[in-house]
Amino acid sequence: MDCLFCKIVSGDIPSTKVYEDDMVLAFRDIAPQAPVHVLVIPKIHIDSAQDVTFENSDYVKRIFEVIPKIADSEGLENGYRVITNIGHDGAQSVHHMHFHILGGKAMLERMA
Ligand code: DGP
């Protein structure tokens, strides 16, 4: 499958990793929109959060277990934002589910 983030998981495309375990990889966004901008992805291909099922939701569970650990290691004690974009209207550009961790500054209240 021609998927950018699957290639990052396999190591065919390099990334700056900040966390990895058997189910999840987290790496720095190539075009950061905040002082801290990390992407957390499942190591299996799931198109988007719209494709989460009873069969693959353990990956989402794991992602949300590791997000606080990443936030701690990135020094985000004042808070942060977690975003997942879905499909065209959600402005999803890479079609491998990912959760943005954005922090290191106060976010704007408006989200859209
Ligand atoms: P989204 O718009 O939600 O699909 O976000 C995709 C993000 O992926 C976007 O913030 C930029 C990032 N990105 C795209 N290509 C690469 C890449 O090759 N490496 C890394 N580290 N990030 C990438």
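All residue numbers here refer to positions counted from 1 along the written sequence of the relevant chain. Given that this is a predicted model, residues contribute local features only at a pLDDT of at least 70 and side-chain atom pairs are listed and counted only at 80 or more, while totals for whole chains, interfaces and linings are drawn from all residues. Only hydrogens and water are set aside; all other atoms, that is, all heavy atoms of the structure, feed into the side-chain values.

(A) Focus on the layout of surface pockets. The volume enclosed by the largest pocket comes to roughly 710 Å³. The secondary structure listing takes helices from DSSP runs of H or I that are at least 4 residues long and strands from runs of E that are at least 2 residues long, numbered from the N terminus. Breaking the lining of the largest pocket down by element, the ones donating at least two residues are α1 (4-10), β2 (24-28), β3 (36-42), β4 (80-83) and β5 (99-103). Among the elements that line the lining of the largest pocket, the one with the most residues is α1, at three residues. Nonpolar residues are Ala, Val, Leu, Ile, Met, Phe, Trp, Tyr, Cys and Pro. Charged residues are Asp, Glu, Lys and Arg, and all others, Gly as well, are polar. In the lining of the largest pocket, the residues fall into 17 nonpolar, eight polar and five charged. A pocket, in this scheme, is an open set of points on a 1 Å grid over the protein atoms alone with protein on both sides within 12 Å along at least 5 of 7 lines, while a cavity is a set where a 1.4 Å probe fits but cannot get out; residues line either one if an atom lies within 4 Å of a point. Grid points are joined across faces, edges and corners, and a volume is the space filled by probe spheres set on the points.

(B) Seen up close, the site of the ligand. The nearness test applies per residue and asks whether one of its heavy atoms lies within 4 Å of the molecule or strand. As a structural note, the neighbourhood of the ligand is formed by 15 residues, with D29, N85, S93, H98 and H100 the closest of them. Polar contacts, as counted here, are pairs of nitrogen or oxygen atoms within 3.5 Å of one another; within protein the pair requires one atom able to donate a hydrogen and one able to accept it, and residues that are adjacent in sequence qualify only if both atoms are side-chain atoms. Here S93 contributes a backbone N or O atom positioned 2.7 Å from an oxygen atom of the ligand. Take H98: an N or O atom from its side chain is 2.8 Å from an oxygen atom of the ligand. For the ligand, the protein covers 84% of the area, taking 510 Å² as the surface of the free molecule. Given that more than half its atoms are within 2 Å of the pocket grid, the ligand belongs to the largest pocket. Among the elements of the structure, α1 and β2 are those that each provide at least two residues to the shell around the ligand. By residue number, the principal contributor to the shell around the ligand is α1, which donates three residues. Using the Shrake-Rupley algorithm and a 1.4 Å probe, accessible areas are obtained, with residue cover drawn only from the displayed protein chains. Molecules are considered to sit inside a cavity or pocket once more than half of their atoms lie within 2 Å of its grid points.

(C) Spatial organisation of the nonpolar core. Each nonpolar core is a collection of buried residues, namely Ala, Val, Leu, Ile, Met, Phe, Trp, Tyr and Cys, held together in the definition by side-chain atoms within 4.5 Å. Working definition: with a 1.4 Å probe on protein chains only, accessible area under 20% of the residue-type maximum means buried, over 50% means exposed, and in between means partly exposed. Residues V38, V40, I63, I70 and I101 are the most contacted members of the largest nonpolar core, which totals 18 residues. Contributing elements (two or more residues each) for this core: β2, β3, α2 (57-73) and β5. The element contributing the most residues to this core is α2, with seven residues. Core analysis: the next-biggest nonpolar cluster, separate from the first, contains eight residues, L25, L39, I41 and V94 among them.

(D) Region of the structure containing the pairing of strand β1 (residues 17-20). Pairing of β1 with β2, which is carried by three bridges, proceeds in the antiparallel orientation. By the bridge assignment, Y19 is partnered in β2 with A26. Note on pairing: two strands pair once DSSP finds at least 2 bridges between them. With antiparallel pairing between neighbouring strands as the criterion, β1 and β2 make up a hairpin whose turn holds three residues.

Function-wise, these values are silent; they only describe arrangement.
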